Amino acid sequence: MYTKRIFPIKGVIKWTRRHIFIFLLLAAVPVLLFDLLRWKWLHVPWLPLGVLGTAVAFIVSFKNNASYDRLWEARKIWGGIVNASRSWTIMVKDFVTNTHSKDTRSAEELEAIKRELVHRHVAWLTALRYQLRQDKPWETHLKNQKSNREFRASQYTVYEDTVPIAEAIGPYISQQEVDEIFAKGNQASQLLGIQSKRLSELMNDGLIEDFRHMEMMAMLTEFYTLQGKSERIKNFPYPRQFATLNYVFVWIFILLVPFGIMEGFEVIGDRIIEDLTANPAYFEVTQNLQLFIGKHFVWFSIPFSAMIAWVFHTMEAIGENTENPFEGGPNDVPITDMSRGIEIDIRQLIDDTDIPSAYTWKNDIVM
């Protein structure tokens, strides 16, 4: 997540520089044929091209809206995880008592049980975010793009790519639980299962009475629900048929743009020559310069074509890079930072020790 108001324009240009060169080349070729080889028939009427551009704009807008909806839903889900985690910790803090216990536990034992439940929850947060960071087939092409690789290497670091999941989870649960969860496929789900089993044991020991046990189980069910919502976004991409057609239509429009605006720029050049013929300049040098510009004014269509192509392609690329909010991109939901924030918050609620500090991020990109 980028935290400043505006992305640096320099960074956007650097990110898209390869395509800018391609757009300039695609615009220069038809102008060269049109002006130097005098292929004056080589143009497309602007009216049908304008209709095509309008349709492409609607398609790009539809995809970007859908991508933003996926991003915003992911943020709401993790906002729910933040609130539910605090509620869970308050329940652990206040519900685990000796009130209904046959064998009275010492204050130190109760604190150890509470710390165990909270630490296991932190392990669940860790396992969930690691699962959400795993690459899916429809995400790998974005990470493998040279521009994205360069930006990632120079601007930010994805914690989950540098620290193994076992090392990240190890401090919060026992080795037996580590072995148990990694023997199964979905570590986050297994941790919630262990948490549920532990609650049953505490109820049987009288440390949690029935009503409180049901309330805490309802909170575990809420965690399962929030995990499932996150996995739904992660495991189901923006429909590939829409994404593919969107990409194809944008490139069709980009290829046709130079052919649609060349004639218009030539008309402007002819008008310059007509005006100079009727009203010559005071100096011969400026007269000849303006006549030369008017004669070859069609070449100014190259930067304009490239600019139009850049706008459409960049908007399409933004939608493509936004549709997967957990993959580890600079515009994703900052689940790593949110997990650490939740950990600090809930461990402070139970007066825990050795609480880690918040992550320090560089270049205003929070992961």
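For the structure itself, consult the block above.
In this report, we go over the structure that sits alongside the text. All values reported here derive from a predicted model rather than from experimental measurement. (Residues numbered from 1 in each chain as written. Predicted model: local features only at pLDDT ≥ 70, side-chain atom pairs only at ≥ 80, totals over all residues. Heavy atoms only, no water.)

**Some details on the overall build of the chain**
Right, so step 1: Scanning the chain for helices and strands turns up 14 helices and zero strands.
Right, so step 2: Tracing the chain from N to C terminus, the helices and strands come up as α-α-α-α-α-α-α-α-α-α-α-α-α-α.
Right, so step 3: Relative to a compact globule of 367 residues, whose C-alpha radius of gyration would be 21 Å, the chain shows 30 Å and is clearly more extended.
Right, so step 4: Dimensions of the chain, computed from C-alpha atoms along their principal axes, come out at roughly 110 × 40 × 30 Å. (Helix = DSSP H or I, 4+ residues; strand = E, 2+ residues; numbered from the N terminus. Rg over C-alpha atoms; globule rule 2.2 N^0.38 Å.)

**Details of the packing of helix α2 (residues 46-95) against helix α14 (residues 335-349)**
Right, so step 1: Close contact between α2 and α14 brings their axes to 10 Å; oriented N to C, the two are set at 15°. Between α2 and α14, the angle falls in the class roughly parallel. When you trace α2 past α14, the crossing you get is right-handed. Note on element contacts: α14 touches α2 through Ile 335, Met 338, Ser 339, Ile 342, Asp 345, Ile 346 and Leu 349, opposite Arg 75, Trp 78, Gly 79, Ile 81, Val 82, Ser 85, Arg 86, Thr 89, Ile 90 and Lys 93.
Right, so step 2: Its residues assigned to classes, the contact of α2 with α14 shows nine nonpolar, four polar and four charged. (Axes fitted to C-alpha atoms, helices over the stretch in contact; angles between N-to-C directions. Parallel < 35°, antiparallel > 145°, perpendicular 65-115°, else oblique. Left-handed = near helix turned anticlockwise from the far one by under 90°. Contact = heavy atoms within 4.5 Å. Nonpolar A, V, L, I, M, F, W, Y, C, P; charged D, E, K, R; others polar.)

**Here's the deal with the packing of aromatic side chains**
Right, so step 1: Inspection of the entire model under this criterion finds ten aromatic pairs.
Right, so step 2: A ring pair is formed by Tyr 159 and Tyr 359, whose centres lie 5.3 Å apart and whose planes are at 50°; its orientation type is tilted. Linking Tyr 159 in helix α6 (residues 159-162) with Tyr 359 in the segment after α14, this pair joins segments that are 200 residues apart in sequence.
Right, so step 3: Looking at Tyr 359, the relative accessible area reads 19%, which means it is buried.
Right, so step 4: Among the aromatic side chains, those forming a connected cluster through ring pairs are Phe 23, Tyr 247 and Trp 251.
Right, so step 5: In this structure, Arg 340 is placed above the aromatic ring of Tyr 359, and the distance from its NZ or CZ to the ring centre is 4.1 Å. (Phe/Tyr/Trp six-rings, centres within 6.5 Å; stacked < 30°, edge-to-face > 60°. Buried < 20%, exposed > 50% of the residue type's maximum accessible area, 1.4 Å probe, protein only. Lys NZ or Arg CZ within 6 Å of the ring centre and 35° of its normal.)

**Regarding the packing of helix α3 (residues 107-133) against helix α9 (residues 187-204)**
Right, so step 1: The N-to-C vectors of α3 and α9 enclose an angle of 165°; their axes lie 8 Å apart at closest approach. For the element pair α3 / α9, the angle class is roughly antiparallel. Relative to α9, α3 is oriented so that their crossing is left-handed. Contact with α3, carried on its side by Ile 113, Glu 116, Leu 117, Arg 120, His 121, Ala 123, Trp 124, Ala 127, Leu 128 and Gln 131, involves Gln 187, Ala 188, Leu 191, Leu 192, Ile 194, Gln 195, Arg 198, Leu 199 and Leu 202 of α9 and no other residues of that element.
Right, so step 2: Of the residues in the contact of α3 with α9, the class split is twelve nonpolar, four polar and three charged.

**Some thoughts on the pattern of salt bridges**
Right, so step 1: One pass over the structure, following the stated rule, counts 17 salt bridges.
Right, so step 2: A salt bridge links Glu 160 to Arg 133; the shortest N-O distance between them is 3.3 Å. Of the two residues, Glu 160 is situated in helix α6 and Arg 133 in helix α3; the sequence distance between them amounts to 27 residues. For the pair Glu 160 and Arg 133, one class covers both residues: buried. (Salt bridge = Lys/Arg side-chain N within 4 Å of Asp/Glu carboxyl O.)

**Focus on unusual backbone geometry**
Right, so step 1: The phi torsion at Asp 351 lies on the positive side, around 55°, for a residue other than glycine.
Right, so step 2: The residue Asp 351 is located in the segment after α14 in this model.
Right, so step 3: By relative accessible area, which is 64% here, Asp 351 ends up exposed.
Right, so step 4: Even without being glycine, Asp 354 reaches a positive phi, approximately 55°.
Right, so step 5: Of note, Asp 354 is situated in the segment after α14.
Right, so step 6: Given the relative accessible area of 73%, Asp 354 is considered exposed.

**Observations regarding the environment of Leu 132**
Right, so step 1: Residue placement: Leu 132 occurs in helix α3.
Right, so step 2: Distance from Leu 132 to His 19, taken between C-alpha atoms, is 30 Å for residues 113 residues apart in sequence.

**Structural notes on the nonpolar core**
Right, so step 1: With 49 residues, the main nonpolar core has Trp 78, Ile 81, Trp 88 and Trp 124 as its most contacted residues.
Right, so step 2: Elements that contribute at least two residues to this core include exactly α2, α3, α8 (175-182), α9, α10 (210-235) and α14.
Right, so step 3: Those residues within four positions of Trp 78 in sequence are excluded, and the remaining contacts are Leu 125, Leu 128, Arg 129, Leu 132, Ser 230, Phe 326, Ile 335, Met 338 and Ser 339. (Core = buried A, V, L, I, M, F, W, Y, C linked by side-chain atoms within 4.5 Å.)

**Some thoughts on the environment of Gln 187**
Right, so step 1: Looking at where Gln 187 falls in the secondary structure, it is placed in helix α9.
Right, so step 2: According to the relative accessible area criterion, Gln 187 is buried, its value standing at 9%.
Right, so step 3: Here Gln 187 is in contact with Ala 127, Gln 131, Ile 165, Ile 181 and Phe 182, once residues within four sequence places are set aside.

**Quick notes on the environment of Pro 325**
Right, so step 1: Inspection of the secondary structure puts Pro 325 in the loop between α13 (301-322) and α14.
Right, so step 2: Spatially, the C-alpha atoms of Pro 325 and Trp 39 are 48 Å apart, while their sequence positions differ by 286 residues.
Right, so step 3: Among all residues touching Pro 325, those that are not within four sequence positions of it are Arg 70, Leu 71, Ala 74, Ile 233, Asp 332 and Val 333.

**What to know about a negative patch on the surface**
Right, so step 1: Among the surface-exposed residues, Glu 108, Glu 109, Glu 111 and Asp 351 lie close enough to one another that they form a single negatively charged patch.
Right, so step 2: Considering the arrangement of structural elements, one finds Glu 111 in helix α3. (Patch = residues over 30% accessible without salt bridge, like charges linked within 9 Å, V, L, I, M, F, W, Y side chains within 5 Å. Areas by Shrake-Rupley, 256 points an atom, 1.4 Å probe, with all protein chains shown as cover. Lys, Arg positive; Asp, Glu negative; His and termini not counted. Charge placed at Lys NZ, Arg CZ, Asp CG, Glu CD.)

**Here we look at a nonpolar patch on the surface**
Right, so step 1: On the surface, Leu 289, Phe 292, Ile 293, Phe 300, Phe 304, Met 307, Val 311, Met 315 and Ile 318 cluster together to form a nonpolar patch covering roughly 800 Å² of accessible area.
Right, so step 2: Listed by contribution, the elements that provide at least two residues to the nonpolar patch are α12 (284-295) and α13.
Right, so step 3: Mapped onto the elements, Val 311 comes out in helix α13.

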